[in-house]
Amino acid sequence: MNKKLVMATNNANKLREAREILAPLGIEVISQREAGADCEPEENGTTFAENAMIKAKAVYDIVKLPTIADDSGLCVNALDGRPGVYSARYAPKGQECQKLLEEMKDVPDDRRTASFQCTIAYIDENEVKTMNGGCIGRIGHEMRGTNGFGYDPVFMVGDRTMAELTADEKNAISHRGAALKALFDYLSTK
């Protein structure tokens, strides 16, 4: 296994999570920018797996190194699974939580269930693999915490939001953490 892995993202939070989880394998995870891939492929898939594969393939075609990409989102049961694959485009950047809380303001507690879903695509030479992870919780009534990003401040696991968890606590239960652990298991056999 090549000890360098390109992650098709420039998101510092996603890179940090991948680096922390894959570090015990001795794998250096670098961003697409660090690898020389300056591209923003259009995520026009209808599933998390399709979007992850679109991003991974676009970067792999440029760098020709083992590449991973993730696509993830928040699926809210009371909203028929929305925002789902459109989570990043649900509202202007930084306003996602406020829009969700507004849309959920009249939804009772017993109908606020939701899940974070994540698919990671892995590409290397003739090898293509996807791994999935999920985390079940519910949507809170207000934003709380400063450790997370995206929808973390409104996604409740137990009595805390994802943004109130430490990095280690989040990695142990998060959707991306679960998908990265599946990737870790797969790469540990290579």
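Residues numbered from 1 in each chain as written. Predicted model: local features only at pLDDT ≥ 70, side-chain atom pairs only at ≥ 80, totals over all residues. Heavy atoms only, no water.

A. View of the sheet that holds strand 7 (residues 160-161). Taken in spatial order, the 7 strands of this open sheet run 2-1-3-4-5-6-7, and their pairing is mixed. The sheet is open, and its two borders are formed by strand 2 (28-31) and strand 7, each paired with just one other strand. Of the strand pairs in this sheet, strand 3 (residues 67-76) and strand 4 (residues 113-124) are connected by 10 bridges, and their pairing is antiparallel. By the bridge assignment for strand 4, D70 is matched with I120. Contacts from helix 3 (residues 48-63) reach strand 1 (4-7), strand 3, strand 4 and strand 5 (127-139) within the one sheet, and its direction differs from that of strand 3 by about 160 degrees. (Pairing = 2+ DSSP bridges. Helix = DSSP H or I, 4+ residues; strand = E, 2+ residues; numbered from the N terminus. Contact = heavy atoms within 4.5 Å. Axes fitted to C-alpha atoms, helices over the stretch in contact; angles between N-to-C directions.)

B. The side chain of S115, seen in detail. Looking at the secondary structure, you find S115 in strand 4. Side chain to side chain, S115 and Q117 meet in a polar contact 3.1 Å long. (Polar contact = N/O pair within 3.5 Å; in protein donor to acceptor, adjacent residues only side chain to side chain.)

C. Seen up close, the packing of aromatic side chains. One pass over the structure, following the stated rule, counts 3 aromatic pairs. Where F116 meets F155, the ring centres are 4.4 Å apart and the plane angle is 45 degrees; that geometry is what we call tilted. Within this pair, whereas F116 is found in strand 4, its partner F155 is found in strand 6 (residues 155-157), the two being separated by 39 residues in sequence. Like F155, F116 is buried. Look at Y122 and Y186: their rings are 5.8 Å apart centre to centre, the planes differ by 70 degrees, and that puts the pair in the edge-to-face class. Residue Y122 is located in strand 4, and its partner Y186 is located in helix 6 (residues 175-187); the two are separated by 64 residues in the primary sequence. Per residue, the accessibility class of Y122 equals that of Y186, and both read buried. (Phe/Tyr/Trp six-rings, centres within 6.5 Å; stacked < 30°, edge-to-face > 60°. Buried < 20%, exposed > 50% of the residue type's maximum accessible area, 1.4 Å probe, protein only.)

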